[in-house]
Amino acid sequence: MINERGLISVYAYDDCRVPAELKIDLIKHHGFLITDKKITIGKRIEQWGE
């Protein structure tokens, strides 16, 4: 729905409290991770229905 309408969604997490495994999953599913110190760009994994 977000892609269909051209919207952007933003989620915020406390970088110090988020486990590394979750950060890796966020990069895999969203294509990037932005913190107050750096921007990490990775390859997004396409999911069914997208």
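Residues numbered from 1 in each chain as written. Predicted model: local features only at pLDDT ≥ 70, side-chain atom pairs only at ≥ 80, totals over all residues. Heavy atoms only, no water.

Engineer: I'd like a description of the pattern of salt bridges, backed by residues and values.
Structural biologist: Tallied over the entire structure, the rule returns one salt bridge. Of the charged contacts, one joins lysine 23 and aspartate 15 as a salt bridge, the two residues approaching to 2.8 Å between their closest N and O atoms. Given a relative accessible area of 31%, aspartate 15 falls into the partly exposed group. (Salt bridge = Lys/Arg side-chain N within 4 Å of Asp/Glu carboxyl O. Buried < 20%, exposed > 50% of the residue type's maximum accessible area, 1.4 Å probe, protein only.)

Engineer: I'd like to hear about a nonpolar patch on the surface, residue by residue, with values.
Structural biologist: Residues Phe32, Ile34, Ile39 and Ile41 make up a contiguous nonpolar surface patch of roughly 470 Å² in combined accessible area. Broken down by secondary-structure element, the contributors of at least two residues to the nonpolar patch are β1 (32-34) and β2 (39-41). Positionally, phenylalanine 32 belongs in strand β1. (Patch = residues over 30% accessible without salt bridge, like charges linked within 9 Å, V, L, I, M, F, W, Y side chains within 5 Å. Areas by Shrake-Rupley, 256 points an atom, 1.4 Å probe, with all protein chains shown as cover. Helix = DSSP H or I, 4+ residues; strand = E, 2+ residues; numbered from the N terminus.)

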